[in-house]
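One letter stands for each residue in the lines below.
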Amino acid sequence: MTPTNAKIAMILISGSFVLSGCANTAAGYRPIVDGYQDEFYLADLDDCQSVAKTKHYDNGDARTSALAGAVVGGAAGAIEDDSIEGAIVGALLGGLLGAASSADETRSDRKDIVIRCMLGRGHAVVG
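Residues numbered from 1 in each chain as written. Predicted model: local features only at pLDDT ≥ 70, side-chain atom pairs only at ≥ 80, totals over all residues. Heavy atoms only, no water.

Caption draft 1: Spatial organisation of the side chain of Arg 110. Mapped onto the fold, Arg 110 is located in helix α4 (residues 84–120). The buried charged residue Arg 110 lacks any salt bridge, with Asp 109 as its nearest oppositely charged partner at 8.7 Å. Among the polar contacts made by the side chain of Arg 110, one reaches the main-chain carbonyl oxygen of Lys 55 at a distance of 2.9 Å. (Helix = DSSP H or I, 4+ residues; strand = E, 2+ residues; numbered from the N terminus. Buried < 20%, exposed > 50% of the residue type's maximum accessible area, 1.4 Å probe, protein only. Lys, Arg positive; Asp, Glu negative; His and termini not counted. Salt bridge = Lys/Arg side-chain N within 4 Å of Asp/Glu carboxyl O. Polar contact = N/O pair within 3.5 Å; in protein donor to acceptor, adjacent residues only side chain to side chain.)

The structure is reproduced here in structure tokens:
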């Protein structure tokens with residue numbers, strides 16, 4: 001395997017581990033509430049977490065972020081390395097960084113969905 005192919009393989013493997021680690025995060029967020037955590041709270045929490053799961057990581061924003069990152073990374077890699085291999089490595093890195101950024105946004109959105117849903121159901125969410 002050439003050094004460039006090894007770099008590409010490492011980028012793809014590392015990126016897949018990072019992105020797969022985000023798959024079910026934040027929808028399981030359990031907010032701190034001021035009040036009882038009885039069966040009604042638990043039922044509402046379960047419902048709100050299910051609603052949060054409808055915000056998928058693979059969405060239009062994620063694809064746009066990954067594509068933009070790939071374009072910028074590819075251009076930077078081509079300029080830095082002055083070769084097609086540099087452009088490929090840059091595009092892969094940029095695409096992964098764009099996808100990771102979007103995944104982080106989705107995690108935050110899912111957490112916010114749980115909080116807003118619990119507030120909407122009358123729970124005093126404090127954190």
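Caption draft 2: Quick look at helix α3 (residues 60–81). Between the first and last C-alpha of α3 there are 31 Å, a value that for 22 residues agrees with the 32 Å anticipated at 1.5 Å per step. Those residues of α3 lying buried are Ala 62, Gly 69, Gly 73, Gly 74 and Gly 77. For α3, the buried positions fall inside an angular range of 140 degrees around the axis, keeping them on one side. In α3, the exposed positions that point more than 90 degrees away from the buried face belong to Thr 64, Leu 67, Val 71, Val 72 and Ile 79. At its buried positions, α3 is contacted by α4. Just downstream of α3 lies Asp 82, where phi reads positive at about 55 degrees. (Expected span 1.5 Å × (residues − 1). Arc of directions from axis to C-beta. Contact = heavy atoms within 4.5 Å.)

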